[in-house]
Amino acid sequence: MGKRVAIVGFGQTYQRSSRKDVNGVELINEAVVTALADAELTIRDIDAIVIGNMDHFEGINYVDMWSAEGSGAVMKPVIKVCTGGTTGTTVAMCAYYHVASGMFDRVLAIGWEKNSESDTTGAIITAFHPVWERPTLGGAVAGLAIEASKYMHNYGATERDGARVAVRERLHALNNPYAHLHQEWMKGIPPEKLVDLIVGSEQNAMLAYPLRMSDMCPRTDGAAAVIFAAEGKAEKIAPVPAWVHATANRHNFVYAGDVDMDRNTTIAEASKAVFKKAGVKEPLKEIDVCELYLPYSYAGLKWIEDIGFCAYGEGPRLLWDGVTDMDGELPINPSGGVMSSNAIGATALIRVGEAALQVMGRAGARQVKGGDVNLAFATGFGGCYWGDIMLLGKKKPA
Amino acid sequence: MSSGEASQPFNWSVGKHGSYFLQQLRDKRKIVGIKCPGCQRVYVPPRPVCGHCFKGLTLDDIIPVSDEGTVYVCTIVQFGFVDPSTGIQRPVPYTWAFVKLDGADTCLTHFLDSTDPEKVKVGARVKAVFEEKRTGNLMDIKHFAVL
């Protein structure tokens, strides 16, 4: 068994469509400085750094090297990890392992992306097999649309069900000053009416059937930094540290054509492993809040089934019953989630940071349950349907 | 940046198993898969390792599969983007479908000949249409025709 570890600080930049005022290094620095201030630490207190982004997106390799001054890595141990969409959660897991091993006391995890400097679709296509897959692949949008097609076929889900997820995420984002999309026009309109407006809108362009503009995450510039600390140090840094209760990840296949589209098996298995380790028997009842990497609307229906919050095919019911809204039994993505901000290399780390804020009771206008959050569940998601999970808690884990 | 006129200095090996698959496409208009003697899964395209069993698969494990199959998942891509392999805008709309060929357990990812939402559906039956002049490339299958 390793050491117990907690999150003691979180910093993020404002997520925006284009941050032309800063370069990548400066963007990273914004998040790092904010996280250090949050934990009332200086860079001298940090023992090691883990950093990641989608390293082919901006057309720049060796981010660990060229960002050293902005990240604070000068003359410190630094490791880059890059696992696609899950990069942010993998960075978090890696930082956690650094501390849990007993080798480091305080480790900084950094995720960032400047999508405005990249061709996201072109770059994502190069992540797939050049001979078997690239000729036909339509980037992330098409890669998610195919999954939606299967979910709709299997369970009779409709465009309205997908839109209901989008409405939840965008309404929640209105509480989050850091979120990229702030659709102010939605304010004060009931969710069902918003669904009608979105589904009926002629401006809501079809991207890849059944996904329309409203069903997708945006392309965002942004960075995030999370500070992990060991037991004995963590309690001195944060009044309420967010303890890591369990973490797990699963991968499956190389080729998209091998993936089981009926279920998100990696998220399912990683969730099971985390629940087993943390002794969670009834996830819907025991988990207080989720920050899920939901890059498109229908994921908000299907993947909550895979996690085990409800039975297969029941995702839409949870949505429409308001179970996952801010005041529901299991609020999902009070931050507005990925569908409101998607700086890809930062995205999954923001899920972890936001989950930590909820546990710490410091999430401001997006805080759920009056700050009384005992367990918060965060996920990362990667392109061939792989998954990372991190479960955070207020009580020190057994 | 644009790479429309540029050539790409990449050469990718598809290995022995992938080469055999492409040779069969080019020379015989046949599609082959590989059957794992452990779990009996049939993979298309063939590959040298069964990920489930972590068992090595030899060319002797290659078996023919049908050139007909079922659409497992699909979408109609409508947004325009530059194809990173060619530097040219991919013509849209097009249908991207995962075809589970009869006799296979995994899907081949390819185009369909139609963008009619009434025909492009999970469960639709499809058949491979081969190019007249074939060069040993996955695109020797021009597309799958909706039956």
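This one's a predicted model, so the numbers in the text were calculated from it and none came from an experiment.

Glancing now at the nonpolar core. Burial of nonpolar side chains together is a common tendency in soluble globular proteins. Counting 72 residues, the largest nonpolar core has A:Leu211, A:Ile287, A:Tyr296, A:Phe309, A:Phe377 and B:Phe98 as its most contacted members. The element that contributes the greatest number of residues to this core is helix α6 (residues 139–155) of chain A, accounting for eight residues. Leave out the neighbours within four places in its chain, and A:Ile287 touches A:Phe275, A:Phe309, A:Leu330, A:Leu375, A:Phe377 and A:Leu391. By size, the runner-up hydrophobic cluster in this structure holds 40 residues, among which are A:Val91, A:Leu349, A:Val359 and A:Val373.

With that settled, the discussion passes to the interface of chain B and chain A. Across the contact, 33 residues belong to chain B and 35 residues belong to chain A. Taken together, both faces of the contact between chain B and chain A bury some 3000 Å²; the carbon and sulfur share is 68%. Summed over the three residues of chain B that lose the most area to chain A, namely B:Tyr72, B:Phe79 and B:Trp96, the buried surface amounts to 20% of that side. Between the two partners, chain B and chain A, sit one salt bridge. With a closest N to O distance of 2.7 Å, B:Arg47 and A:Asp258 form a salt bridge. Summed over the shared surface of chain B and chain A, the result is 17 residue pairs in polar contact (both at pLDDT 80 or more).

Omega for the bond connecting A:Tyr209 with A:Pro210 falls within 30 degrees of zero, at 5°, which places this linkage in the cis form. Tracing the backbone shows A:Pro210 in the loop between β5 (206–208) and β6 (211–212). Geometrically, the link from B:Val92 to B:Pro93 is a cis peptide bond, its omega value of -5° lying close to zero. For B:Pro93, the location among the structural elements is in the loop between β6 (68–77) and β7 (94–101). If you check the backbone angles, A:Tyr62 has positive phi at about 60° while not being a glycine. Secondary-structure assignment places A:Tyr62 in the loop between β2 (48–52) and α2 (63–66). According to the relative accessible area criterion, A:Tyr62 is exposed, its value standing at 53%.

The rules behind the values
Residues numbered from 1 in each chain as written. Chains lettered and ligands numbered in written order. Predicted model: local features only at pLDDT ≥ 70, side-chain atom pairs only at ≥ 80, totals over all residues. Heavy atoms only, no water. Core = buried A, V, L, I, M, F, W, Y, C linked by side-chain atoms within 4.5 Å. Buried < 20%, exposed > 50% of the residue type's maximum accessible area, 1.4 Å probe, protein only. Helix = DSSP H or I, 4+ residues; strand = E, 2+ residues; numbered from the N terminus. Contact = heavy atoms within 4.5 Å. Buried area = accessible area lost by both parts, 1.4 Å probe. Salt bridge = Lys/Arg side-chain N within 4 Å of Asp/Glu carboxyl O. Polar contact = N/O pair within 3.5 Å; in protein donor to acceptor, adjacent residues only side chain to side chain.

By themselves these figures say nothing about function.
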